[in-house]
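# Coordinates in review
Residue strings, one per chain:
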Amino acid sequence: MSLLVVGLSHRSAPVSVLERAALSADAQVKLVQDTVAAEPATEAAVLATCNRIELYADVDKFHAGVAELSTLLAQHSGVGLEELTPYLYVHYEDRAVHHLFSVACGLDSMVVGEGQILAQIKDSLARAQELHSAGKLLNDLFQQGLRVGKRAHSETGIDRAGQSLVTFGLEQLAEGGAVPEWAAGKKALVIGAGSMSSLAAATLARAGVAEVVVANRTFERAERLAAILTEADDNAVTARAVRMDAVAGELTRADVVVSCTGATGLVLTAEAVAQALEDRTGQPADRARTAISTDAGQSPPPLAADDNCPLDLAAVRSGQSGFSVMGEAAVAGMDAATLEQHAAWVGGGTSLFERSRELGGGAVDRRDASRRTPEADAELITALAATVATVGRIPERRKPEPVAAVPRPAPALFLLDLAMPRDIDAAVHRLAGVRLVDIESLAEASADAPMAADVDQVRRIVSDEVAAFGAAQRAAHITPTVVALRTMAADVVASEIARLDGRLPDLDERQRGEIRQAVHRVVDKLLHAPTVRVKQLAAEPGGAGYADALRTLFDLDPETVAAVSRAENSTDEKDRPA
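Residues numbered from 1 in each chain as written. Predicted model: local features only at pLDDT ≥ 70, side-chain atom pairs only at ≥ 80, totals over all residues. Heavy atoms only, no water.

### Topic: the overall build of the chain
We count it as follows: Numbering of helices and strands runs from the N terminus; a helix is a DSSP stretch of H or I covering at least four residues, while a strand is a stretch of E covering at least two. Relative accessibility decides the category of a residue: with a 1.4 Å probe and only protein chains considered, values under 20% of the type maximum give buried, values over 50% give exposed, and everything between is partly exposed. Note on definitions: a residue-residue contact is assigned when non-hydrogen atoms from the two residues lie within 4.5 Å. Shrake-Rupley sampling with a 1.4 Å probe provides the accessible areas, and residues are treated as covered by the protein chains on show and by no other component.
When its secondary structure is counted, the chain shows 24 helices and 10 strands. Burial status across the chain gives 46% buried among its 578 residues. Of all intrachain contacts in the chain linking residues separated by at least 6 positions in sequence, the fraction that spans at least 24 positions is 73%. Within the structure as shown, the chain displays about 28500 Å² of accessible surface, and the carbon and sulfur contribution to it stands at 52%.

### As for helix α3 (residues 62-77)
Selection rule: What a helix should span is 1.5 Å times the count of its residues minus one.
Taking 1.5 Å as the rise per residue, α3 with 16 residues should run 22 Å; its terminal C-alpha atoms sit 22 Å apart, in good agreement. On its buried face, α3 sits against β1 (2-9), α1 (15-21), α2 (25-37), β3 (52-59), α4 (81-84) and β4 (89-92). Of the residues one or two after α3, G78 is the one with positive phi, at around 85°.

### Describing empty space enclosed by the protein
Heads up, the rule is: A 1.4 Å probe that fits but cannot get out identifies a cavity on a 1 Å grid over protein atoms alone, an open set with protein on both sides within 12 Å along at least five of seven lines counts as a pocket, and a residue lines either if it has an atom within 4 Å of a point. Grid points are joined across faces, edges and corners, and a volume is the space filled by probe spheres set on the points. Each residue gets one of three labels, nonpolar for Ala, Val, Leu, Ile, Met, Phe, Trp, Tyr, Cys and Pro, charged for Asp, Glu, Lys and Arg, and polar for the others, Gly among them.
Taken as a whole, this structure holds four cavities of 30 Å³ or more when the rule is applied. Quantified by volume, the largest cavity comes out at close to 110 Å³. Along the walls of the largest cavity sit 13 residues, with C50, N51, E114, Q120 and L165 positioned nearest its centre. Counting residues per element, the lining of the largest cavity draws most heavily on helix α6 (residues 116-130), which supplies three residues. Taken together, the residues of the lining of the largest cavity break down into six nonpolar, five polar and two charged.

### Structural notes on the nonpolar core
Our working definition: The definition of a nonpolar core used throughout is a set of buried Ala, Val, Leu, Ile, Met, Phe, Trp, Tyr and Cys residues joined through side-chain atoms within 4.5 Å.
W182, V212, L229 and L418 are the most contacted members of the largest nonpolar core, which totals 69 residues. Top element by residues in this core is helix α11 (residues 195-207). It accounts for seven residues. Apart from residues no more than four positions distant in its own chain, L229 is found in contact with A201, A202, A205, V212, V214, N235, V237 and A239. In this structure, C105, L107, L138 and L141 belong to the second largest nonpolar core, which totals 34 residues.

### Observations regarding the packing of aromatic side chains
The condition is simple: When two rings of Phe, Tyr or Trp (its six-membered ring) have centres within 6.5 Å they constitute a pair, described as stacked for plane angles under 30 degrees, edge-to-face for angles over 60, and tilted for the intermediate range. Over a ring means this: the NZ of a Lys or the CZ of an Arg is within 6 Å of the ring centre and within 35 degrees of the ring normal.
Summed over the entire model, instances satisfying the criterion amount to four aromatic pairs. Between Y56 and F142, the ring centres sit 5.3 Å apart and the planes meet at 75°, which makes this aromatic pair edge-to-face. On the criterion of sequence distance, the pair formed by Y56 in strand β3 and F142 in helix α7 (residues 136-155) is long-range, its members being 86 residues apart. For the pair formed by Y56 and F142, the shared burial category is buried. An angle of 80° between the planes, with centres 5.9 Å apart, marks the rings of F101 and F469 as edge-to-face. Pair noted here: F101 is in helix α5 (residues 94-105) and F469 is in helix α21 (residues 454-503), with a separation of 368 residues, a long-range link. As far as burial versus exposure is concerned, F101 and F469 are alike and both buried. Lying over the aromatic face of F219, R243 brings its terminal NZ or CZ to 4.1 Å of the ring centre.

### Thoughts on the packing of α5 against α6
Heads up, the condition is: Every angle, taken between N-to-C directions, lies between 0 and 180 degrees, and every axis is a line fitted to C-alpha atoms, over only the stretch in contact when it is a helix. Between 65 and 115 degrees an angle is taken as roughly perpendicular, under 35 as roughly parallel, over 145 as roughly antiparallel, and anywhere else as oblique.
Where α5 contacts α6, the axes come no closer than 7 Å and their chain directions differ by 130°. Regarding the angle of α5 to α6, the classification is oblique. Where α5 abuts α6, its residues L100, V103 and A104 lie against I117, L118 and I121. Broken down by class, the residue content of the contact of α5 with α6 amounts to six nonpolar, no polar and no charged.

Purely geometric stuff here, so don't read any function into it on its own.
Shown next as structure tokens:
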């Protein structure tokens, strides 16, 4: 049997895919159960966090295991296998061990060195133990992973390089300023009462916010967290609990909102945030939305006439595309299929020239309107589609127009979304007076975060621990064979002593005892050096074949070896702490 990991994380997949593939608690349980029920796997555990989904299993066939685990991940995540496959990574045997140990140390985290992952690994192991899906291999692996992670944090300065995702998110909200200075006196709303939300509440309290309001679907959990914050000695924050239906009202009062729930839908919509901002600032919500128009003080024209247009005219209007709205430049960068769709739309009655005049104003195009017709526009774009299909790009007749940076007002509301899938509507990014930091923006920011010199030391610790774990596993693999060999030798000695008793019935008990001891000593001395040496050799890389060699040389019954192995695993399960 061999360890196999199949998963995806912020390093392999965009946040949009991770968000869609996120597993609820019930889905994680079902995934584990279906994995151990599958033919290639005998053990299974799921490690699911806000930026990774990984399935660990003990399999007897590599290729069949990869196919089965990938299929199960796709089925339970709801993302099609063909779409999910490009983002999946696979680790096997020692590489799988190395991966988990690196994860436990925070080396693979979005924020390098963060320690919150240890609690998530512990929860993953506890869930697998409750489901009885973690046998000897996964129990040993995850428990050792936890020890390695704790060792890395205690023996190195990895904590100086890393921090919790909460702390990193608050730093992003503060835009590089000191979090205590930014947070001082603010009112905070924390939505959710799980481990990440609790950490956020405690971090905000220590940072110096004046008040923390905790909202949760289970009101008792919100009350418990609020009580803990109030009773803590390291802060002087006022904390209280509210029910989820009070969030809209609290949103109007809050300066900072942190949300991390297990909800499958949005907790805060853009409309709810806009309404809270309007109630807070007295500025109409529609003005807040249009304050980021590229033409300061001028609202964009209505989009009703743009229905079903393949070209994102709203993006062109706001300057997001970086291209002029005139002629070929308006559709530069489109693929041939989209261009053909746009040609069909233009041919339906609204010319590109007419839409260009509506968007950019009549003065920007010096060409005669009388010479342009919908049919001509459709023909032009069809020709462009043929060009892009042939040469791979569209020739531009003019350079992209510069996009003026639009100043945004200072944020009146700070939002931190740590949930996966997201709790807060991404459209909130477009609201003036709001600063939203979510998993996607954290991933982008962390890509440029500096790494401490201690990271190299942690990597050495991981490498040493992987080697030690592999050696221990390989040595343990041969132990049942050695035990079976010694059991067979003891049976042979007992059989020969019994035969000797029949042939020499006149021997007294003292003489029989001397003979038994002599025979046992001979057998022990003959087996001592080979069994010690074979354990040493088996612990080395590539040493797995020594167990097979022993079974072949001494003609050991495979079922006897398997029985010893089952007995050892049963003892381990009995002695393992709950």
